[in-house]
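# Remarks on the overall topology
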Amino acid sequence: MGRSCIPKYKISRIMGWLQIILGGLVILVSVLSLARFYYAGFFLHNEDICHHFYTAKEVYEDFDAKSLSERVQEVLDRLESLQYKLESKLQELEKNKGTLEKVFLEYEIVRPLHNANVALRQIRLPKIEEEEGKNSTVKEDPLINFFLTEEIRKYITPKENRVGKINLYGTEKVYNTIGHACVLYKNELQQYMDYDIGSYCDDDWNLAQKLMINGCDPLPRRRCLTRASKEYQKPYPINESLWKLPDNKNVRWSNYRCRNFDCLQSKNPKRGYTKCTGCFEMEKEKLKWVINSSLSADFMISDVLKIKPGEIRIGLDYGIGTGTFAARMREQNVTIVSTALNLGAPFNEMIALRGLIPLYVTLNQRLPFFDNTMDLIHSTGFMDGWIDLLLLDFILYDWDRILRPGGLLWIDRFFCSKKDLDDYMYMFLQLRYKKHKWAISPKSKDEVYLSALLEKPPRAI
């Protein structure tokens, strides 16, 4: 046989040439693409380009956003209608004892349909709104697309009034509120709002309180049923409940270290809370504000009420406790609302079971009272020398807002270090309230108690 005229190249040399050719093609395509972007105006400031890409038009070249939005809404309406009919059928089967059919219908049809409905609703299409003489623009509310849980998205979406009427607030929509800090606790808030509508809520009040304390306050409303104690008993009559420990069965103890009120006694080192030591012991609580003390910083209720005889009718007890101050004032025909958080113990439940009013709020929140309405504000055991001066300033001005002219501010046994006393004294005196009582007593070697009874001036303008 004769030799072949075709030279034999090595495979590696062939692969090398192929790589060079492909690399050249990639460079050529990249250069052509960059050139097209340049001529389109992407590397220069071009208002037309910006409007083209960042302003939604009603109809694109091959895409009608408004029609798609309307079509999706139509599908959602049909899904809701079908789901309603199936749920009605389920109720009929339940009445007629059709157990097997009910189970099949619920697990094989209704639930998958509900999940598909929710999944479809999570695809947020921007609203297309037309302005007179302008192109249609995208109308979307802030934060909606930040959350994934459908119930949160439904909650924070503004609710338009029916038939276009202005509501009693004078607005066209109702805006449900959540604290801006909820954005920082996205996972926790979505866990809190992840439930089946109409079913029982999880026993997750501690998760809700964690969100509140961290600034996610106010929390969104929920459409699930609150759990109660399985063996809830009738509360004691009002003539007994003020000074008697409630029935243990009336509290859900699952999220507390203790499982009964006896466990909350001060002698138990593992009671689960540190503030308000002994405030679940009624025999000790009965002595507060009615028995003379050797401490000059202890004021008695009778002495305070003598300063404004007959004028103190309603007030706020701002602190931590089980409502003893409100109970004593009730005996004087004065209505007191007590703020409380469940910091390791059922403070809110205890106050309510005593027949008093608990207000579940944090330090972060503006008080839900109107201006110039309270006759008295009393504070003890909560805001002490740990509190930041700027935070205290905001709180004091909020108290001043709700306290009526001539109303009394009772700072009760506020304690701080001696070196910080001047700063805190200035904070309490800066609003130029009239002094009725003022006392400083030693608490320890380095700490002091400060008690004051101050009167808000008229400020008639």
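For every chain, the first residue of the written sequence is number 1, and numbering continues from 1 onward in sequence order. Since the coordinates come from a predicted model, pLDDT governs what is reported: local features require at least 70, and pairs of side-chain atoms require 80 or more to be given and counted, while whole-chain, interface and lining totals use all residues. To get the side-chain values, take all heavy atoms of the structure and skip hydrogens and water.

## Some details on the nonpolar core
Counting residues in each nonpolar core, the largest one holds 74 residues, and the members touching the most others are Phe-280, Leu-316, Met-329, Phe-347, Trp-399 and Trp-410. Residues grouped as a nonpolar core are buried Ala, Val, Leu, Ile, Met, Phe, Trp, Tyr and Cys residues, joined through side-chain atoms within 4.5 Å. Each residue gets one of three labels from its accessible area relative to the maximum for its type: buried under 20%, exposed over 50%, partly exposed in between, using a 1.4 Å probe on protein chains only. Counting residues in each nonpolar core, the second largest holds 19 residues, with Ile-178, Leu-189, Met-193 and Leu-219 among its members.

## Remarks on the state of the cysteines
Note on terminology: disulfide denotes any pair of cysteine sulfur atoms within 2.5 Å. Counted by the stated rule, this structure contains 4 disulfides. The side chain of Cys-201 participates in a disulfide bridge whose partner is Cys-224; the two sulfur atoms lie 2.0 Å from each other. Every disulfide takes its handedness from the sign of the S-S torsion; for Cys-201 and Cys-224 that torsion is 105°, giving right-handed. Here Cys-201 is found in the loop between helix H6 (186-192) and helix H7 (205-213), whereas its partner Cys-224 is found in the loop between H7 and helix H8 (238-241), with 23 residues between them in sequence. Each disulfide pairs two cysteine sulfurs, and for Cys-276 the partner residue is Cys-279, the sulfurs being separated by 2.1 Å. Look at the protein chain and number its bonded cysteines as they come in the sequence; the links are 1-3, 2-4, 5-6, 7-8. Strands are runs of DSSP state E lasting at least two residues, helices are runs of H or I lasting at least four, and both sets are numbered from the N terminus onward.

## Considering the confidence of the model for the protein chain
In predicted models, pLDDT denotes the confidence assigned by the predictor to each residue on a 0 to 100 scale. Looking at the protein chain, pLDDT values average 83 and 77% of them are 70 or higher. Residue contacts follow a heavy-atom distance rule, with two residues in contact if any of their heavy atoms lie within 4.5 Å. Overall, residues 47-63 carries pLDDT values under 50, and its contacts beyond four positions in sequence, including any with other chains, amount to 23 contacts.

## Focus: the packing of aromatic side chains
When the centres of two rings from Phe, Tyr and Trp lie within 6.5 Å, Trp using its six-membered ring, the rings pair. Their planes under 30 degrees apart give stacked, over 60 give edge-to-face, and anything left gives tilted. Overall, the coordinates contain 15 aromatic pairs when judged by the stated rule. Here Phe-280 and Phe-347 contribute two aromatic rings whose centre-to-centre distance is 5.4 Å and whose plane-to-plane angle is 40°, an arrangement assigned as tilted. With a gap of 67 residues between them, Phe-280 in the loop between H8 and helix H9 (282-285) and Phe-347 in helix H12 (residues 347-353) connect regions that are remote in the sequence. With respect to burial, Phe-280 and Phe-347 carry one shared label: buried.

## Overview of the pattern of salt bridges
Salt bridge criterion: a side-chain nitrogen from Lys or Arg within 4 Å of a carboxyl oxygen from Asp or Glu. Throughout the structure, instances matching the rule amount to 20 salt bridges. Among the salt bridges present, the one from Glu-151 reaches Arg-223, with a minimum N-O distance of 2.7 Å. Of this pair, Glu-151 sits in helix H5 (residues 150-156) while Arg-223 is found in the loop between H7 and H8, placing the two residues 72 residues apart along the sequence. For Arg-223, a relative accessible area of 43% translates into the label partly exposed. It is possible to trace a salt-bridge network through shared partners that takes in Lys-308, Glu-311, Arg-313, Asp-375, Arg-404 and Glu-455.

## Things to note about the packing of helix H13 (residues 389-402) against helix H14 (residues 421-429)
Angles run from 0 to 180 degrees between N-to-C directions of axes, and those axes are lines fitted to C-alpha atoms, restricted for helices to the stretch in contact. Between H13 and H14, the shortest axis-to-axis distance is 10 Å and the interhelical angle comes to 20°. By the angle class used here, H13 and H14 are roughly parallel. Relative to H14, H13 is oriented so that their crossing is right-handed. Contact residues: H13 offers Leu-389, Leu-392, Asp-393 and Leu-396, while H14 offers Asp-423, Tyr-424, Met-427 and Phe-428. We call two directions roughly parallel when the angle between them is under 35 degrees, roughly antiparallel when it is over 145, roughly perpendicular when it lies between 65 and 115, and oblique otherwise. The handedness criterion is simple: a crossing whose near helix is rotated anticlockwise from the far helix by less than a right angle is left-handed, and one whose near helix is rotated clockwise is right-handed.

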